[in-house]
Amino acid sequence: MRRKGISYSKYGYLFSLPFIIAFLVFSLYPTLYTAFIGFTDMKGIIPKPVHVLDNPFQNFKDLLFDNPTFIKSLKNTAIIWVISFIPQIAVALLLTAWFTNQRLSIRGQGMFKVLLYMPNIITAGTIAVLFSVLFAYPMGPINSLFTALGLSDSPINFLQDKTTSRGIVSFIQFWMWYGNTMIVLIAGVLGISPALFEAAAIDGANARQIFFRITLPSLRTIMLFTLVTSMIGGLQMFDIPQLFLQGGPDNATLTTSSFIYNQAFKGGYMFNKAAAASMMMFVIALVLSLVLFYLMRDRQEARMKKALKQKLKLAKKAAREA
Amino acid sequence: METIQNKRSFSLGLNKTIIYVVCIFLALLSIFPFYIMFVNATRSTAEIQNGLALFPSTHIKTNWDVLVGKSFDPLRGFFNSFLISAGTTLCAIYFSSLTAYALVVYTWKMRQPFFIFIMCVMMIPAQASAIGFYKFMYQLHWTNNLLPLILPAIAAPTVVFFMRQYLLGSLSMEIVEAGRIDGAGEFFSFNRITLPLMMPALATQAIFIFVGSWNNLFTPLILLTQKENYTLPIMVSLLKGDIYRTEFGSIYLGLSLTVLPLFVFYFLLSRYIIAGVALGGVKE
């Protein structure tokens, strides 16, 4: 008797069970609960009977129309993310172009990669505190450096100025992440078929042409992947702005995550407002991800469909043979 | 012909000089803040306020005394952080591999929908569920417990995704079939045959999960209120508080202590970490 008839499909369910249970308990239920809290009057540290508001969307309405701080936190998050992401991707691309160029054969690449990735490994909290002491006024290391280099006559109070403090937060984000982006991009380039580069070289393309005509287009999926992960990360930005200046000065570095944290856990215990803000953040993340995924989709899905078709074909063939 | 050649090699040389200058500048930029931190950890507050120095001073002992005298307990923090990170890492890699195995090896009706579902879940930001999570744990009396920081790692969608991609590329069904013929149970063949095969993927993911969990601030900050449960990032966040305001040397020393183990860890494993980032990036 051939044992081909045994079905193992139950193991599929069985082995996924821990994931599903943990997801339901620790992720789905809390998310739904958060959504529910967003429609209620839950606040304060002492548990009280909770009511759904007469107008269930009151919290959302309050946040959107009567809470300039919330709107500001959304704007700050967007501004800081954009200011940090543009140089991040630009520098990462430049370094990728250099490090993957065979003709340049940069020496010490391994060491550069190790050093440039280093800021990414350190606790963001540490980095935030470190930078706030580095930029201390009037006698911090950066101020000393500026005076020594003759860049300024009197100490600059970086942390009291909206532009510089936002700039520093963006810089830290850039500084922490460009190494990571670079390594991902380099790996992406190494994944491109060498035949493409050879063909281009034989056709007489120069380094710039090869980079813009072959490398960049082939990196499209990886670039979009970087964009999606960076955007989600940027939307959740918390440690650096929170610990760097607690959102100051004048809320210039207050991000949405910090806003949520402050609403719920710092004094006010406005769980309902915080939950409503979380849900709005979730919707924004969802919409932006969908947009990016739509852009990212075509090739991958084509590939998936192709694989599926092939599988079907094979299955049919196997069935015919059997 | 020769002049063209010369010109080309000259411009290549010039380009290369610029490239090296930029790379060295960026490398210094990466090290500089940490270097200042380590140097300042050995200097007195007065010295630090006097300006920048490139060489260590002699006040490390005083800084240490001030730091520890003000209830900064790095050992406790290390212990808590390590417990949480190690637990998280084990849960995440074991159960994610198990889920990925289910997705790759077995054909079941819900397989494809489940996979798409996991992809969607990857997009939920942690803060979206934070308030509900906190209230739920509060009702269970699980605040100030390390379990709610560890157990959620069992459902780690990104890791499942990565492991699935890895298994698709590296696990041949023949091995599983061979195991079955030899009488291995499904669970046994996962534990004894597949897991060892997945070692490279497990190692790279373990590093990332460990570092990510070690660096996580948001969840521990909302859940842990008792001092003896604080993780290192929470302790660091307290360093800037009022009691240390004037003790810059101690702040730098405290920061150095939290960074040092990661530095050692990083330089020992940097090759694998870099390779891991690459692997994670390319496999999407």
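Cut-offs and rules
- Residues numbered from 1 in each chain as written.
- Chains lettered and ligands numbered in written order.
- Predicted model: local features only at pLDDT ≥ 70, side-chain atom pairs only at ≥ 80, totals over all residues.
- Heavy atoms only, no water.
- Helix = DSSP H or I, 4+ residues; strand = E, 2+ residues; numbered from the N terminus.
- Buried < 20%, exposed > 50% of the residue type's maximum accessible area, 1.4 Å probe, protein only.
- Areas by Shrake-Rupley, 256 points an atom, 1.4 Å probe, with all protein chains shown as cover.
- Lys, Arg positive; Asp, Glu negative; His and termini not counted.
- Charge placed at Lys NZ, Arg CZ, Asp CG, Glu CD.
- Rg over C-alpha atoms; globule rule 2.2 N^0.38 Å.
- Contact = heavy atoms within 4.5 Å.
- Polar contact = N/O pair within 3.5 Å; in protein donor to acceptor, adjacent residues only side chain to side chain.
- Expected span 1.5 Å × (residues − 1).
- Arc of directions from axis to C-beta.

## Notes on the overall build of chain B
Secondary structure summary: chain B contains 14 helices and 0 strands in total. In chain B, the order of α-helices and β-strands from amino to carboxyl end is α-α-α-α-α-α-α-α-α-α-α-α-α-α. Expressed as lengths along the three principal axes of its C-alpha atoms, the size of chain B is roughly 80 × 75 × 35 Å. Within chain B, buried positions represent 51% of all 284 residues. Of the roughly 13200 Å² that chain B leaves accessible, carbon and sulfur atoms contribute 69%. Taken together, the 18 basic and 12 acidic charged side chains of chain B have centroids lying 6 Å from each other.

## Examining the overall build of chain A
Broken down by element type, chain A carries 13 helices and 0 strands. For chain A, the N- to C-terminal ordering of α and β elements is α-α-α-α-α-α-α-α-α-α-α-α-α. Here the C-alpha atoms of chain A give a radius of gyration of 26 Å, more than 25% beyond the 20 Å that 2.2 N^0.38 yields for 322 residues. Burial analysis of chain A (322 residues in total) assigns 48% to the buried set. Relative to all contacts within chain A whose residues are 6 or more apart in sequence, the contacts with residues 24 or more apart total 68%. If you sum the accessible surface of chain A, you get close to 16300 Å²; carbon and sulfur atoms cover 65% of it. With 30 positive and 13 negative side-chain charges, chain A shows a spacing of 15 Å between the two charge centroids.

## Things to note about the side chain of B:Glu186
By secondary structure assignment, the location of B:Glu186 is in helix α10 (residues 186–197). B:Glu186 sits in the buried class, given a relative accessible area of 5%. A distance of 2.8 Å separates a polar atom in the side chain of B:Glu186 from a polar atom in the side chain of B:Arg180. If we skip the residues at most four places from it in the chain, B:Glu186 touches A:Tyr8, A:Tyr11, A:Phe15, B:Tyr106 and B:Arg180.

## So, helix α9 (residues 207–218) of chain A
All names here are of chain A. End to end, α9 covers 15 Å across 12 residues, agreeing with the expected 16 Å (1.5 Å per residue, within 8%). Of all the positions in α9, only Ile210, Phe211, Ile214 and Thr215 are classed as buried. For α9, the arc enclosing every buried residue in end-on projection is 125 degrees, short of the 170-degree limit, so these residues lie on one face. Facing away from the buried side of α9 by more than 90 degrees, the exposed set consists of Arg208 and Arg213.

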